[in-house]
Amino acid sequence: MRILMVSEDLPAISMGGLARHVLTLTRALVEAGHQVDLMGNDDVSISEAGEEFDISGHFIPALHGQFEGWKELTLGCFVPFKRSVIAKRFAQAVLRRASHYDVIHYHGHLPNIAYFIPPGINFIQTRHDQGSDCLMHTRFTRGQICRATDPAVCAGCRTEQPNRLQRSLSSLAVRQFRAQVAAGFRRHKTVFVSDFLRRNVARSLGPGPWGVTVHNFVDSNRLLAARSGSRPALTVRSEQRLHVFIAAKLYPAKGVAQWLDALAAIPMKNRQRLQIDIAGDGPELADLRARHKQVNFLGWQSGSDSLKLAANADVIVVPSVCEEACASTVIEGLLLGKTVFALKLGGTPELVIYASAPQQLRLFNSMQALVEGILAFQPHADYTFAPHAPMGSADTAGRLLALYRLAPGPMTS
């Protein structure tokens, strides 16, 4: 097939999870014998993106405007029509080239793009975050998970005390956006990376043919290389050091600061055996480095380097306090054979199907309980592969190819 991947997250100087997913899928489809080109932003050059941006197809830098703020923070409200204008601009860029491809697959943050794609086009999008109904994409505000569905509540994400006009404009923007998203989902194929995301859409938009769930998957070649190159498991003794690894962007929703603070409250004698490596950058990095000098902060790491670091750890911690849709770090940790510690939130509980033993994915209801679980943990030999591991073109990419070949239109199951 001739496939056009579309994502405004690429190219990027520091690849995030969505960007890496698109590149992993692209490589898997090429490996399966298909022609895949990528349409991305015109803000970052391929040379700036570095060696991780390794695609064999043609790159089309045609997307722009995703960073336009429209003075929303200054105005203290979400601006009506902003996301309509940008999504229509993206759709026009796609439509100018649509005739050259059998299918267009969008991965991004403007799900209402489907509203501006005519019904006869074979268009499919994957929803990686909660942006189908939340203009902030994460449903996380002021350190708390947001489960509100009333558009009037959304004004609080642009100013702490919205006045009547700000609340009215934000409500209009949210209602307009959700109506376009719903219409687009009814017109075109939609994939969610977790059942959790699909349930969220129904909560805000009501019942409908909202699409199907296909979990994220990993680059099997890179994962197997990392796993085969990892150090052998240590002989278990209570006095051994426990090597803990975290890969996360360092900002409040990812919970790294909360996890470190909860750990720091434990007496040093009870936590001194921990060796903690954290890969990631973000606004909290400088403060965390200053407050937690015993932690090894590695900064941003490439996908391959992160896998190598994870493969040499005893446990993987995913301390997100937001509702992760389908955390690739959880899947990677499980397939590397590691014990993974996380909070019981969002789509993470669904990923237990990729564990090879009941205790490999350990979920907790509080950060305190998670910390106590790690302190009580003793390292052991790595787990074997789970029977349902989502690996490369033979699995998830194959499922997506089957969806590509369906006639244009919505999917209900």
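The present account deals with the structure reproduced in this document. The structure presented is a predicted model; accordingly, all values stated were derived computationally and were not measured.

Observations concerning the sheet that holds strand E13 (residues 315-318)
- Within the open sheet, the six strands sit side by side as E12-E11-E10-E13-E14-E15. Their pairing is parallel. The sheet is open, and its two edges are formed by strand E12 (296-299) and strand E15 (361-364), each paired on a single side. Averaged over neighbouring strand pairs, the angle between their axes works out to 20° when direction is ignored.
- As paired strands, E13 and strand E14 (residues 339-343) are joined by four bridges and run parallel to one another. Note on E14: the bridge partner recorded for Val317 is Phe341.
- Docked against the sheet, helix H8 (residues 256-264) engages strand E10 (242-247), strand E11 (274-279), E12 and E13, running at close to 165° with respect to E11.
- Lying over the sheet, helix H12 (residues 328-335) contacts E10, E13, E14 and E15, oriented at roughly 170° with respect to E13.

Overview of the pattern of salt bridges
- With the rule as written, the count across this model stands at 13 salt bridges.
- With a closest N to O distance of 3.2 Å, Arg2 and Asp102 form a salt bridge. Residue Arg2 is found in strand E1 (residues 2-6), and its partner Asp102 is found in the loop between helix H4 (82-95) and strand E4 (103-107); the two are separated by 100 residues along the sequence.
- Take Asp102: its relative accessible area is 32%, and that puts it in the partly exposed class.
- Residue Lys338 pairs with Asp382 through a salt bridge whose shortest N-O separation is 3.1 Å. Of this pair, Lys338 sits in the loop between H12 and E14 while Asp382 sits in the loop between helix H13 (367-375) and helix H14 (396-404); the two residues are 44 residues apart in sequence, bridging distant segments of the chain.
- According to the relative accessible area criterion, Asp382 is partly exposed, its value standing at 30%.
- By sharing partners, the salt bridges in this structure join Glu72, Lys82, Arg83 and Arg158 into a single network.

Procedures and definitions
- Residues numbered from 1 in each chain as written.
- Predicted model: local features only at pLDDT ≥ 70, side-chain atom pairs only at ≥ 80, totals over all residues.
- Heavy atoms only, no water.
- Pairing = 2+ DSSP bridges.
- Helix = DSSP H or I, 4+ residues; strand = E, 2+ residues; numbered from the N terminus.
- Axes fitted to C-alpha atoms, helices over the stretch in contact; angles between N-to-C directions.
- Contact = heavy atoms within 4.5 Å.
- Salt bridge = Lys/Arg side-chain N within 4 Å of Asp/Glu carboxyl O.
- Buried < 20%, exposed > 50% of the residue type's maximum accessible area, 1.4 Å probe, protein only.

These figures capture arrangement, not role.
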